[in-house]
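Listed below, chain by chain, are the residues.
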Amino acid sequence: MSTPAPQKFEFQAEIKQLLDIVIHSLYTEKEIFVRELVSNASDALEKLRHTQITEKDIFDDKAELAINVTTDDKAKTLTIEDFGIGMTRAELVENLGTIAHSGSKQFLKALGEGGAKNTNLIGQFGVGFYSAFMVAKSVKVYSHSWRAGEAGHVWSSDGSGSYEVEAADDLHRGCKIVIELKDDCGDYAQEWKIKEILERYSAFVSFPINLNGKRINTIQALWLRSKNEIKDEEYTEFYKFQSHAHDEPRLRLHFSADAPLAINALLFVPKDNSEKFGMSRLEASVSLYCRKVLIDAKPKDILPEWLRFMKGVIDSEDLPLNISRETMQDRSLIEKLNKVVTKRFLKFLADEAEARPDTYNEFYAEFGIFLKEGAAMDYTHKEQLTKLLRFESSLTDKGKTTSLTDYVGRMGADQKEIYYLVGPNRAALESGPYLEGFKARNLEVIFCYEAVDEYVMSSVREFEGKKLTAADHADVKLSDIPKPEGALSEDDTKKLTTWLKETLGARVEEVKASDRLVDSPALAVNADKFMSPQMRRMMKAMKKDGADEPVKVTLEINPRSVVMKRLFETHTTAPEKAKLVAEQILDNSLISAGLLEDATPMVARLYKLLESV
Ligand code: ADP
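Per chain, the residues get numbers from 1 upward, laid out in the order the sequence is written. Local features are withheld for residues below a pLDDT of 70 in this predicted model, meaning they are given only at 70 or higher, and side-chain atom pairs are given and counted only at 80 or more; totals for whole chains, interfaces and linings count all residues. Note: side-chain values were computed over all heavy atoms of the structure, leaving out hydrogens and water.

J.: Which residues make up the sheet that holds strand E20 (residues 508-513), and what values do they have?
T.: Two strands pair if DSSP finds at least two bridges between them. Note on conventions: DSSP H or I runs of at least 4 residues are helices, E runs of at least 2 residues are strands, and numbering of each starts at the N terminus. With mixed pairing, the three strands of this open sheet are ordered in space as E20-E22-E21. In this open sheet, the two strands that pair with only one neighbour each are E20 and strand E21 (522-526). Each neighbouring strand pair of the sheet contributes to a mean axis angle of 25°, computed without reference to strand direction. Every angle, taken between N-to-C directions, lies between 0 and 180 degrees, and every axis is a line fitted to C-alpha atoms, over only the stretch in contact when it is a helix.

J.: Tell me what's going on with the packing of helix H2 (residues 32-54) against helix H6 (residues 191-201), and back it up with residues and numbers.
T.: Packing of H2 against H6 brings their axes to within 9 Å, and their N-to-C directions diverge by 60°. Judged by the inter-axis angle, H2 sits oblique to H6. For the element pair H2 and H6, the recorded crossing hand is right-handed. Contact residues: Ile-32, Val-34, Arg-35 and Val-38 in H2; Ile-194, Ile-197, Leu-198 and Tyr-201 in H6. Asp, Glu, Lys and Arg are counted as charged, while Ala, Val, Leu, Ile, Met, Phe, Trp, Tyr, Cys and Pro are counted as nonpolar; the rest, among them Gly, fall into the polar class. Taken together, the residues of the contact of H2 with H6 sort by class into seven nonpolar, no polar and one charged. By definition in this entry, angles of less than 35 degrees are roughly parallel, angles greater than 145 are roughly antiparallel, angles of 65 to 115 are roughly perpendicular, and the rest are oblique. Here a crossing is called left-handed whenever its near helix is offset anticlockwise from the far helix by less than a right angle, and right-handed whenever the offset is clockwise. The criterion used for residue contact is that any of the two residues' heavy atoms lie within 4.5 Å.

J.: If you had to explain the packing of helix H9 (residues 357-377) against helix H14 (residues 453-460) to someone new, which residues and values would you point to?
T.: In contact at an axis separation of 8 Å, H9 and H14 are set at 35° when each is read in the N-to-C sense. Crossing handedness for the pair H9 and H14: left-handed. Where H9 abuts H14, its residues Lys-372, Ala-375, Ala-376 and Met-377 lie against Asp-453, Tyr-455, Val-456, Ser-459 and Val-460. Residue composition of the contact of H9 with H14, by class: six nonpolar, one polar and two charged.

J.: Provide a residue-level description of the sheet that holds strand E16 (residues 417-422), including the pertinent values.
T.: Overall, mixed pairing links the five strands, which are arranged E15-E17-E16-E19-E18 in an open sheet. Of all strands in the sheet, those bounded by a partner on one side alone are strand E15 (392-393) and strand E18 (462-463).

J.: Residue-level account of the nonpolar core, with values.
T.: Residues belong to one nonpolar core when they are buried, are Ala, Val, Leu, Ile, Met, Phe, Trp, Tyr or Cys, and are joined through side-chain atoms within 4.5 Å. Accessibility here uses a 1.4 Å probe with only protein chains present; expressed as a share of the type maximum, an area under 20% marks a residue as buried, one over 50% as exposed, and anything in between as partly exposed. Ranked by size, the top nonpolar core spans 98 residues in total, and within it Ile-314 and Leu-371 carry the most contacts. Filtering out sequence-adjacent residues up to four positions away, Ile-314 remains in contact with Ile-263, Asn-264, Ala-265, Leu-267, Val-286, Ser-287, Leu-288, Tyr-289, Ile-302, Leu-303, Leu-337 and Val-341.

The structure is reproduced here in structure tokens:
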């Protein structure tokens, strides 16, 4: 066979940049390159195993699905060989010459945004194959694709700008990566050193790894082992390996079920919710296996959308082996799987909340937003999810929360609804005028501080047969409580409300005496049934139609308040001044309701009032 001459290629610009950083970084944990290369080898074997199911004509079909690592202390080389799917010539150029790998892209992006060359990021993102250049003088990749009709090739580079590809004979299927180590990285040609690294990072690779001919990993799929044999550290290591994570898992659920499907699942909740930091939306990443064979690393529908923060594996013997992304047509099977696992996870959370409330609350503080999303959008699981929600309330201490179940347990016999208030924080809700009427009647009010809460509450609508009602809504009716002495008489109150309506004109829909005020002089309730103040603010932010129409409010006044009594006196004796006071009272109420849109006229008016002090 005539062998064509080696062909030289330039690396893509981004790869050059990446290599430059990798080679010149002083990153101290260089050893992660072993993990990266072994994990690529394991992926290639996994893909081969998959290909074998559908393809008959596989090159070098007898090659064992294993990873061989060899150290050569004399030559100062490290070789990592796998018998996976391998790469064709075109694939070598595409995969190892251009930036397909999303981890490397993110790494570059993070460096760009961070400004400084923060090389610690290498460990966080994993720069995949290119990490080899942290320790290598040169790297050679011998590869033969699983496709029998293709020839073998060797890709080689010293990491500076370009690489070469040439034909190579007598290759096994898969990839053999030979690393010629830099002079100060000779340790990686020592068997003890590599053994230690492999034991640390690659214990869960589900293919045999042999180091200099000796098998060093036990290929146990952790999720198929019995719970009481597994140590916490093993779980943690597995989580890190399987989810490419660097944190410790916050919660884990390991279970098996026989009916209606045979399932072994090992699920993790990560430590942090990365969406919280404005990072991109998480993608479903619980992997689907059938008898230890990976079917899909990121199946979309195996769990509901709101569980997209979960990590781990679900293994079901009942899946047909040839099920794949394209052929996952058996919807009913996937739906069944989804149902069983979700139900189990919800029960797990409910048990946690009961048995370890502190741990649960910490979880909730981080991931509660996903449960809210589920409660609002996932009708099937709404009830269990609503039970898992936690809120501060007018009866809890600051920072302590209650469940709706406990709220209902505290409700008096004649309380029919569950009340809630949405506002920026506890102090704002407690000092606003809406709460006092509820407090005076010993009615507990749930406090909601998150922007989504209003949407969640109105989507959930009711809990255990009790309606969820916004305490600042115009329709709220509260029972009578004895009126304290010295209030304006009903007659005078009537005169005052009529005068106020005339004076304030189109700015108010209605003015009436309030049954929910105790200390504050007045409050504004939204007369617009279809748009709450929070929604209005959101629509305004999004520049939606309808948000610019003037606010319509009902002004409720407190006939017991000194301010109202004084106003009643002045509205006949000093009508000009009384008018300013009336306008100011309305603006104050709008501020409390979060509805005042332009404070400028108010400032001018206040100065006018101050002149008469
Ligand atoms: P990643 O593995 O995260 O995609 P890498 O930069 O490590 O990123 O590798 C780039 C691509 O090269 C891989 O996606 C894969 O297609 C290919 N590749 C790397 N190592 C191997 C291997 N041992 N066998 C087959 N293909 C490989």
